[in-house]
Amino acid sequence: MFSVLATEPVYGQNGNGNNGVKTGTINVAASIAIPTEVQLTTLRNMSLDQQLASRGRVNIDPVTDSRSGLLRAEGEPNALVQISFVREQSLSHMEGGAEVTFEFVIAGNEIEDQASAEVLDLENRQYSLNEDGEYYFWIGGEVNLENASRGSYEGMFTVEIEYP
C-alpha cells in the first residue's frame, strides 16, 4: 500500500463584496491498496502407502486423515480470494514408464484446525483469508494402486489463489 499527499492552491472570492481574491492551501491525500502476492508454504507432505490400500485404492480424507498434506497460504489480511485447483493429476514412476492418476480432494479453513475444515469444490466461490492473512489447505484424495508398479511416484498438485 502506498499514499500520495499533494498540496494544491485553492482560490475563492472574499465574501465582503471586495473583488480581492484570497489564496489558501488544501491537503489532498489519496491511497491505493495494491494486493500482495499470495505465498504458499508446504507444512506437511501427503503420505501414501500401498499397504493401507483397500481393494487396491488408497483414500486420504483431507478432513480426518493425518496423512493428508498441509499447505498454508499467506496474503493480505481479511482479503477475499478465489481458489481453484486441478482435480486430477498424473503421478509418474520415478524410474520412468508407469503412471497412476490421483484424484485430489481439498479441505480449507481460516484457522489451522483440520477437523473443522470445509471440503472445497470447483465452483467459482470466494473464501476469506484470516486476520493474519492466512488460509490453510489439507490435501487428500484417492489413487488406484492395484496395477501400479513398485517404487516411488511423484507429481504436482496445482492450486491457484487470486484476488478477485
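The sections below set out a description of the structure shown in this document. All values reported here derive from a predicted model rather than from experimental measurement.

### What to know about the pattern of salt bridges
Then, in step 1: For the coordinates displayed, the defined rule picks out 3 salt bridges.
Then, in step 2: Linking Glu142 and Arg57 is a salt bridge whose minimum nitrogen-to-oxygen distance equals 3.0 Å. On the criterion of sequence distance, the pair formed by Glu142 in strand 11 (residues 134–144) and Arg57 in strand 4 (residues 57–60) is long-range, its members being 85 residues apart.
Then, in step 3: Judged by its relative accessible area of 26%, Glu142 falls in the partly exposed class.

### Some words on the sheet that holds strand 6 (residues 80–85)
Then, in step 1: If you walk across this open sheet you meet the 3 strands as 10-6-13, and the pairing is antiparallel. One side of each edge strand has no neighbouring strand; the edge strands of this open sheet are strand 10 (126–128) and strand 13 (159–162). On average, each strand axis in the sheet is inclined to that of its neighbour by 40°, with strand direction left out of account.
Then, in step 2: Summarising the sheet, strand 6 and strand 13 pair through 4 bridges and their orientation is antiparallel. Residue Gln82 lies in a different strand from strand 13, and its bridge partner there is Glu162.

### Side note on the nonpolar core
Then, in step 1: Core analysis: the largest hydrophobic core is formed by 23 residues, its most contacted members being Ile83, Ile106, Leu120, Tyr135, Phe137 and Ile161.
Then, in step 2: Where this core is concerned, the elements lending two or more residues are strand 4, strand 5 (69–74), strand 6, strand 8 (99–109), strand 11 and strand 13.
Then, in step 3: Beyond its immediate sequence surroundings of up to four residues, Tyr135 is in contact with Leu71, Arg72, Ala73, Ile83, Gly108, Asn109, Glu110, Leu120, Tyr127, Ser128 and Leu129.
Then, in step 4: If you look at the next biggest cluster of nonpolar residues, it comprises 6 residues, including Leu70, Ala117, Tyr136 and Trp138.

### Focus on the pairing of strand 6
If a strand is regular, its side chains alternate between the two faces of the sheet.
Then, in step 1: When strand 6 meets strand 10, the two strands line up antiparallel, connected through 3 bridges. Residue pairing across strands places Gln82 opposite Gln126, the latter belonging to strand 10.

### Thoughts on the packing of aromatic side chains
Then, in step 1: Summed over the entire model, instances satisfying the criterion amount to 4 aromatic pairs.
Then, in step 2: An angle of 35° between the planes, with centres 6.3 Å apart, marks the rings of Tyr136 and Trp138 as tilted.
Then, in step 3: Note on Trp138: relative accessible area 2%, which makes it buried.
Then, in step 4: One aromatic cluster in this structure is built from Tyr127, Tyr135 and Phe137.

### Let's talk about the pairing of strand 8
Then, in step 1: In this sheet, strand 8 lies alongside strand 7 (residues 88–93) in antiparallel orientation, the contact comprising 5 bridges. Along strand 8, the bridge assignment pairs Ser92 with Glu99.
Then, in step 2: As consecutive antiparallel partners, strand 7 and strand 8 are separated by 5 residues, and within that stretch Gly96 has a phi angle of approximately 95°, a positive value.
Then, in step 3: Examined bridge by bridge, strand 8 and strand 11 share 8 bridges and lie antiparallel to one another. Counted as the bridge partner of Ile106 is Ile139 from strand 11.
Then, in step 4: Here 2 bridges tie strand 8 to strand 9 (residues 118–119), and the two strands are oriented antiparallel to one another. The partner of Gly108 across the bridge, within strand 9, is Glu118.

The rules behind these values
Residues numbered from 1 in each chain as written. Predicted model: local features only at pLDDT ≥ 70, side-chain atom pairs only at ≥ 80, totals over all residues. Heavy atoms only, no water. Salt bridge = Lys/Arg side-chain N within 4 Å of Asp/Glu carboxyl O. Helix = DSSP H or I, 4+ residues; strand = E, 2+ residues; numbered from the N terminus. Buried < 20%, exposed > 50% of the residue type's maximum accessible area, 1.4 Å probe, protein only. Pairing = 2+ DSSP bridges. Axes fitted to C-alpha atoms, helices over the stretch in contact; angles between N-to-C directions. Core = buried A, V, L, I, M, F, W, Y, C linked by side-chain atoms within 4.5 Å. Contact = heavy atoms within 4.5 Å. Phe/Tyr/Trp six-rings, centres within 6.5 Å; stacked < 30°, edge-to-face > 60°.

Read these as geometric descriptors, not functional statements.
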